[in-house]
Amino acid sequence: MRAVVTGGAGFLGSHLCERLLADGWQIVCVDNLVTGTAANIAPFRHHKSFESIQHNVSEPLYLDGPVDAVLHFASPASPIDYADHPIATLKVGTLGTHNMLGLARAKGATFFLASTSEVYGDPTVHPQPETYWGNVNPVGPRAVYDEAKRASEAFTMAYHRTHGMKTRIVRIFNTYGPRIRIDDGRAVPNFLTQALQNQPLTVYGDGSQTRSLCYVDDLIEGIVRLLATDYAEPVNLGTDDEVTMIQLATRIKDLSGSSSEIVFKPLPEDDPRQRRPDLTRARKLLDWKPRTSLEAGLVKTIAYFRERLG
Ligand code: UDP
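Reference entry: report on the structure contained in this document.

What counts and how
Residues numbered from 1 in each chain as written. Predicted model: local features only at pLDDT ≥ 70, side-chain atom pairs only at ≥ 80, totals over all residues. Heavy atoms only, no water. Salt bridge = Lys/Arg side-chain N within 4 Å of Asp/Glu carboxyl O. Helix = DSSP H or I, 4+ residues; strand = E, 2+ residues; numbered from the N terminus. Buried < 20%, exposed > 50% of the residue type's maximum accessible area, 1.4 Å probe, protein only. Phe/Tyr/Trp six-rings, centres within 6.5 Å; stacked < 30°, edge-to-face > 60°. Axes fitted to C-alpha atoms, helices over the stretch in contact; angles between N-to-C directions. Parallel < 35°, antiparallel > 145°, perpendicular 65-115°, else oblique. Left-handed = near helix turned anticlockwise from the far one by under 90°. Contact = heavy atoms within 4.5 Å. Nonpolar A, V, L, I, M, F, W, Y, C, P; charged D, E, K, R; others polar. Near = heavy atom within 4 Å. Polar contact = N/O pair within 3.5 Å; in protein donor to acceptor, adjacent residues only side chain to side chain. Areas by Shrake-Rupley, 256 points an atom, 1.4 Å probe, with all protein chains shown as cover.

Tallied over the entire structure, the rule returns 17 salt bridges. Arg142 is the salt-bridge partner of Glu118, the closest N and O atoms lying 2.6 Å from each other. Within this pair, whereas Glu118 is found in the loop between β5 (110-116) and α5 (143-163), its partner Arg142 is found in the loop between β5 and α5, the two being separated by 24 residues in sequence. Assigned by exposure class, Glu118 and Arg142 land together as buried. A salt bridge links Asp183 to Arg181, with the shortest nitrogen-to-oxygen separation between them at 2.8 Å.

Structural data, given as structure tokens:
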């Protein structure tokens, strides 16, 4: 079995490549290294079943040989990354998805889309089930990511319905772990870097906004299980253990033994107030649940950050 993983040198993409290699797949990793890094794939770069190509999937990609699955994970994914690359983010979600659906169709492969909880925007329904249509500002700063991902889901369903293609859509909620980029501006990497360098932890707004933070290995397990099903509708994956940003900052400060203080900075525009997946569908369909506690996941992530920060 041979899989193409776009964004394979990114945080989630590299974990996915590593897991699929371990499961016996041949992997073609495709990444333009805008937000991904060669260091992420270094641990398995020399594996006999691993091949990598530097390419922007917003441009068409033609590959020789059979392909059984195309897993489309390429996109800037943190708020500061998509603010830095707004047009590339729109393009990879729309044109990139179209190109990768075309590749999957030409090869008779299953297409697997990495979508996001951002399709729910700033949700007015809590927790968020897959049947909720969301509350997205189409012209705000997050729109380049949110709307591109919404379009990528529409593209995927259109190919499924029109061409009878095998497709999957996972809506990924906040995920963290080793290989998350230390400067991607998200809460976990910011707080960890700040705590380990004894600098103030920057909580945005009053810190009462919530997120539910899933450890990367649990997410990847859910993805592998979803790939093996025959289910085309979207499936939420993440954890339903919801914390406020104040609680997260405090937990990270305590676990890293830091003497940092917590300071408050302005809340970014359109920052969702609350986010927690309704995981009923994933639990039933995949016989899956997140297993790693926030504390256990943070301990592993702290070890990675200590190594990276020297
Ligand atoms: N956040 C924060 N301090 C930071 C970075 C982020 O308080 O240094 C907050 C941010 O405003 C948001 C939450 O943490 O409410 C999660 O932000 P993140 O960028 O991790 O991901 P998002 O879920 O917003 O895409």
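We describe a pair of aromatic rings using the distance from one ring centre to the other and the angle between the two ring planes. In total, this model carries seven aromatic pairs according to the counting rule given. Note on Phe73 and Phe112: the rings are 6.1 Å apart at their centroids and 15° apart in plane angle, and the pair reads as stacked. Placement of Phe73 in the loop between β4 (69-72) and α3 (79-84) and of Phe112 in strand β5 is noted, with a sequence separation of 39 residues between them. Exposure class is identical for Phe73 and Phe112. Each is buried. Here Tyr120 and Tyr132 contribute two aromatic rings whose centre-to-centre distance is 6.0 Å and whose plane-to-plane angle is 20°, an arrangement assigned as stacked. Of this pair, Tyr120 sits in the loop between β5 and α5 while Tyr132 sits in the loop between β5 and α5, placing them twelve residues apart in sequence. The same class applies to Tyr120 as to Tyr132, namely buried. An aromatic cluster of at least three residues, connected via ring pairs, comprises Tyr120, Tyr132 and Phe173.

To continue, consider the packing of helix α6 (residues 187-196) against helix α10 (residues 294-309). Axis separation between α6 and α10 bottoms out at 10 Å; the angle between their running directions is 60°. When the interaxial angle is binned, α6 and α10 end up oblique. The way α6 lies across α10 gives a crossing that is right-handed. Touching Val188, Pro189, Leu192, Thr193 and Leu196 of α6 are Leu298, Thr301, Ile302, Phe305, Arg306 and Leu309, all from α10. When the residues that make up the contact of α6 with α10 are grouped by side-chain class, the tally is eight nonpolar, two polar and one charged.

Right, let's get into α6. Where burial is concerned, most of α6 is hidden: eight out of the ten residues are buried. Listing the buried residues of α6 in full gives Val188, Pro189, Asn190, Phe191, Leu192, Thr193, Gln194 and Ala195. Of the surrounding elements, those touching the buried residues of α6 are β7 (175-176), β8 (201-204), α8 (245-255) and α10.

Now for the site of the ligand. Taken together, the neighbourhood of the ligand is formed by 18 residues, with Thr202, Tyr204, Arg211, Asp271 and Arg275 sitting nearest. Here Gln209 contributes a side-chain N or O atom positioned 3.0 Å from an oxygen atom of the ligand. In this structure, an oxygen atom belonging to the ligand sits 2.7 Å away from a side-chain N or O atom of Arg275. The fraction of the free accessible surface of the ligand (520 Å²) that becomes covered by protein chains is 96%.

Further remarks concern the packing of helix α4 (residues 86-107) against α5. At a minimum axis separation of 8 Å, α4 and α5 run at an interaxial angle of 15°. As far as their axial angle goes, α5 and α4 are roughly parallel. When you trace α4 past α5, the crossing you get is right-handed. Side by side, α4 and α5 meet where Pro86, Thr89, Leu90, Gly93, Thr94, Thr97, His98, Leu101, Gly102 and Arg105 of the first sit next to Val144, Tyr145, Ala148, Ala151, Ser152, Phe155, Thr156, Tyr159 and His163 of the second. Of the residues assigned to the contact of α4 with α5, the class counts are nine nonpolar, nine polar and one charged.

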